[in-house]
Structure formats: structure tokens, C-alpha cells
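This is what each chain is made of:
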Amino acid sequence: MTRKALVTGSSGFIGFHLSRQLLAAGWEVLGIDAMTDYYDVALKERRQAMLTQNAGFRTLNDRIEAPGVLHDLMVDFRPDAVIHLAAQAGVRHSIDNPESYVEANLIGTFRLLEAIRAVPPKHSLLASTSSVYGANTQMPYAETQKADTQMSFYAATKKANEAMAHSYAHLYDLPITMFRFFTVYGPWGRPDMAPIKFTKAILAGRPIGVYNHGDMRRDFTYIDDLVAGIIGLIDAVPRRPADPADIAPGDSLSPVAPYRVVNIGNSESVALTDFIAAIEAATGKTAIRNLMPMQPGDVPATWADASLLQSLTGHRPKTQVAEGVARFVEWYRDYYRV
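A few points on the structure. Since we're looking at a predicted model, the values are computed, not measured.

Calculation notes
Residues numbered from 1 in each chain as written. Predicted model: local features only at pLDDT ≥ 70, side-chain atom pairs only at ≥ 80, totals over all residues. Heavy atoms only, no water. Helix = DSSP H or I, 4+ residues; strand = E, 2+ residues; numbered from the N terminus. Rg over C-alpha atoms; globule rule 2.2 N^0.38 Å. Buried < 20%, exposed > 50% of the residue type's maximum accessible area, 1.4 Å probe, protein only. Contact = heavy atoms within 4.5 Å. Lys, Arg positive; Asp, Glu negative; His and termini not counted. Charge placed at Lys NZ, Arg CZ, Asp CG, Glu CD. Phe/Tyr/Trp six-rings, centres within 6.5 Å; stacked < 30°, edge-to-face > 60°. Lys NZ or Arg CZ within 6 Å of the ring centre and 35° of its normal. Axes fitted to C-alpha atoms, helices over the stretch in contact; angles between N-to-C directions. Parallel < 35°, antiparallel > 145°, perpendicular 65-115°, else oblique. Left-handed = near helix turned anticlockwise from the far one by under 90°. Salt bridge = Lys/Arg side-chain N within 4 Å of Asp/Glu carboxyl O. 1 Å grid on protein atoms, 1.4 Å probe; cavity = no way out; pocket = protein on both sides within 12 Å on 5 of 7 lines; lining within 4 Å. Points joined across faces, edges and corners; volume = space filled by probe spheres on them. Nonpolar A, V, L, I, M, F, W, Y, C, P; charged D, E, K, R; others polar. Core = buried A, V, L, I, M, F, W, Y, C linked by side-chain atoms within 4.5 Å.

Thoughts on the overall build of the chain
Secondary structure assignment for the chain yields 11 helices and 13 strands. Whereas a compact globule of 338 residues would reach a radius of gyration of roughly 20 Å, the chain reaches 19 Å, a difference of no more than 12%. If you line up the chain on its principal axes, its C-alpha atoms span 55 × 45 × 40 Å. The buried share of the chain, reckoned over its 338 residues, is 53%. Considering only contacts in the chain between residues 6 or more positions apart, those separated by 24 or more positions represent 80%. For the chain, the centre of its 33 positive side-chain charges and the centre of its 35 negative side-chain charges are spaced 3 Å apart.

Okay, here's the thing in C-alpha cells:
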């Protein structure tokens, strides 16, 4: 029988790529997306139009926080897997408009948890972020580390999502995996993120803003690697342990719930200056760097320990920055015709 997946945020950057790969693997996919104007809606519409060309894809344009919407979708569609990607994204935007994060990330995720409680799928996978590690300095970040020092309200809402999901997993025996993704980039990426902002400015001969005077490191993760990790986790369904002592070292499986947290990152902390150099190499142009102080809510470095992901799925992200950036710049030139 054809497997079915509900994907929230299906017209977003990650949701689009995930839906496309699920469809290619023979899944039936129901997507929901609010198509908000946080960034260019035309880009979301283009992604959605590409997905709707596949007969296995259906979509609803609505807000996940609207009462009853997700519940009705679960009752009608009854998916085998739910992948929850819909959220208000952006560290800096959460300083300017925190209420939108309460609505989409907190209320929206609450509506999702209530919907899967009413109609439980075999597995629910909810997006979190590397930003939840906040002020942690021990690297690479491991899922078993304590993460209680979030530096932005965006990160705080995502950590709250993890706590909310754990309580539902425990109370209602719902298998839930939270995946923490690290700086994701690639074709069809969000215009508010550094790769597009940098590429656009470099090609136009304009300065780029380089925060913390360039002393930044990120675990840049190519979109195809992230999606492969998510799909691999679908069948890695967490089970409530009969004895917490049986949980393997390094496994973030809860001792009291069918719940787990998993990093999806490239396992390499790359200097921001090296990422800019890769864009320069791919565009054939030199960046004009405007060195700036650290932005509020940001962190100087991220670095994922992805060994748990590998042990659960056999997959480990591996696309190097030079290769991934070259693919991204090729798409950017084609899409924006520059």
C-alpha cells in the first residue's frame, strides 16, 4: 500500500525538498502551508506549483494555528507519518515580531500535537533547531547535552516545542522524534538567509554584512543531506524503553516516553569566511566585506555531532561546502537570471 505523509510547511524551503523526495519515493503527500509574506511569496508559489504537478501531492493553504484545521486533515487523510516543518523562522526577526512566533511555533505546534493525539500516526517528526543549544560551549553539540540557555526568542519557542512534544509522547504514547537541523542551504533557499543575501550582493558588486567581524563558524548542511536524514528517521520509530538502563550511551531516547532528539548536521564547523570564499569561487567575483558586530540573539559557532543520526539511519551528511555552494549558485543564476 502507498504510504502517506502529512507535511506542514510544504511550500517552504525544507518542506518543498522533503515533499519532492517523498513523492519520488512513491509516497502520497498532503501539504499545508500558510504562504505568509515573511519572504517573497512568489518563491513559495513556484515551489508549490512544482509539487502540484505530481498526482500524489495535495495541498491546503491555511494556518496550522487555526482551530480545527490540522485535526480535520488528520481525520480525513490518516497519514502514516507526520513531518512538522511549519514555523516562523529567523533569529533576528524574533526580536522585532515575537508574537508571530507565539502564534506559529507555540500555538501551531500545540494544534499539531492535539491533532496527532486524536488520530495517531505511526511516527511524528517535528523540526527543532541547533539554536536551542544557545550558550553551550562544549562542541560538537550532542543531543544528550543540557540545552537551557537559548539566546533568541525563536530558539526559546523551539525548545518549548521539544518540551511540549515530550509531554504528549509520555502522556499519550505517541512516537515522536525532534530533529535539530543546522544551518541549511541549497537551491530554493530562503531569501532572508546568508547564502542568497551574499550571492545577490556579490554578483551586484555591493558590500555584504559580515557579523562578529567574520569570527563566526557554522555547521553548514546541504539541503539534500538534511532531507535524506529526515526520511531515514521516519522508520527509526522511538519506543518507550522497558528499562531506562537499556538506553545505549549517546542515545537521547527518553527514559519515560517514545521520544528522541536527533541532530542533522554536517559534523563540520566551517568558518564563515570560508563559506564566503566558496561563493566567491562559484561566482567568480570578490566580496566586499562590511565587518559588523555580533547581532543580538546570535551565537558565534555551531557544530553537530551526527553520530546518533548515523547509528539510527546509516546516513551521515557529507556534502562539502565548495560542492554545495557551487550547486546553489548555479540554481541562483538560473532562477534569478543573473
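There is more to say after this.
Re the packing of aromatic side chains
Overall, the coordinates contain 20 aromatic pairs when judged by the stated rule. Look at Tyr133 and Tyr141: their rings are 4.3 Å apart centre to centre, the planes differ by 10°, and that puts the pair in the stacked class. Like Tyr141, Tyr133 is buried. Taking 5.4 Å as the distance between ring centres and 50° as the angle between the ring planes, the aromatic pair formed by Trp188 and Trp331 counts as tilted. Within this pair, whereas Trp188 is found in the loop between strand 7 (184-185) and helix 7 (194-204), its partner Trp331 is found in helix 11 (residues 321-336), the two being separated by 143 residues in sequence. Each member of the pair, Trp188 as well as Trp331, carries the same accessibility label: buried. One aromatic cluster is present, formed by Phe16, Trp188, Phe328, Trp331, Tyr332, Tyr335 and Tyr336 through successive ring pairs. One residue, Arg117, lies across the ring of Tyr172, its end atom 4.8 Å from the ring centre. When the ring centre of Tyr133 is taken as reference, the NZ or CZ atom of Arg180 above it lies at 4.7 Å.

Regarding unusual backbone geometry
In the segment running from Met139 into Pro140, the intervening peptide bond is cis, with an omega of 0°. As for its position among the elements, Pro140 is in the loop between strand 5 (123-129) and helix 6 (153-172). In this model, Met35 sits at a positive phi of 55°, which is unusual for a non-glycine residue. Within the element layout of this structure, Met35 appears in the loop between strand 2 (28-33) and helix 2 (41-52). Residue Arg337 is not a glycine yet carries a positive backbone phi of 55°. Under the relative-accessibility criterion, Arg337 is labelled exposed at 78%.

Let's talk about the packing of helix 1 (residues 13-24) against helix 8 (residues 223-234)
With their axes 10 Å apart at the nearest point, helix 1 and helix 8 run at an angle of 60° to one another. The orientation of helix 1 relative to helix 8 falls into the category oblique. The two elements helix 1 and helix 8 meet at a crossing, and its hand is right-handed. Along the contact surface, helix 1 presents Phe13, Ile14, His17, Leu18, Gln21 and Leu22, while helix 8 presents Ile223, Asp224, Leu226, Val227, Ile230, Ile231 and Ile234.

What to know about the side chain of Gln88
With respect to the helices, strands and loops of the structure, Gln88 is situated in the loop between strand 4 (81-84) and helix 4 (93-96). Apart from the residues within four sequence positions on either side, Gln88 is in contact with Tyr38, His93, Ser100, Tyr101, Ala104, Asn105 and Tyr154.

Description of the pattern of salt bridges
Overall, the coordinates contain 15 salt bridges when judged by the stated rule. Taking the shortest distance from any N to any O, the salt bridge between Arg289 and Glu280 comes out at 3.3 Å. Several salt bridges share partner residues, and in doing so they unite Arg92, Arg218 and Asp298 into one network.

Concerning empty space enclosed by the protein
Considering all chains together, one arrives at 1 cavity of 30 Å³ or more under this definition. Surrounding the largest cavity, Phe13, Val184, Tyr185, Gly186, Gly189, Arg190, Met193, Pro195, Ile196 and Phe328 form its lining. Breaking the lining of the largest cavity down by element, the ones donating at least two residues are strand 7 and helix 7. Looking at the lining of the largest cavity residue by residue, the classes come out as 7 nonpolar, 2 polar and 1 charged.

Brief notes about the environment of Ile231
With respect to the element layout, Ile231 can be found in helix 8. You can call Ile231 partly exposed: its relative accessible area is 28%. Between the alpha carbons of Ile231 and Arg190 there is a distance of 21 Å; along the sequence they are 41 residues apart. In this structure Ile231 touches Leu18, Gln21 and Leu22, once residues within four positions along its chain are discounted.

As for the nonpolar core
If you look at the biggest cluster of nonpolar residues, it comprises 59 residues, and the most contacted ones within it are Ile14, Leu22, Ile83 and Phe179. Broken down by element, the residue count for this core peaks at 7 residues, all from helix 11. Every residue in contact with Leu22, bar those within four places of it in the chain, is listed here: Ala5, Val7, Trp27, Val29, Ile83, Ile231 and Ile234. Within the second largest apolar cluster, 26 residues are counted, among which are Leu6, Leu30, Leu112 and Tyr259.

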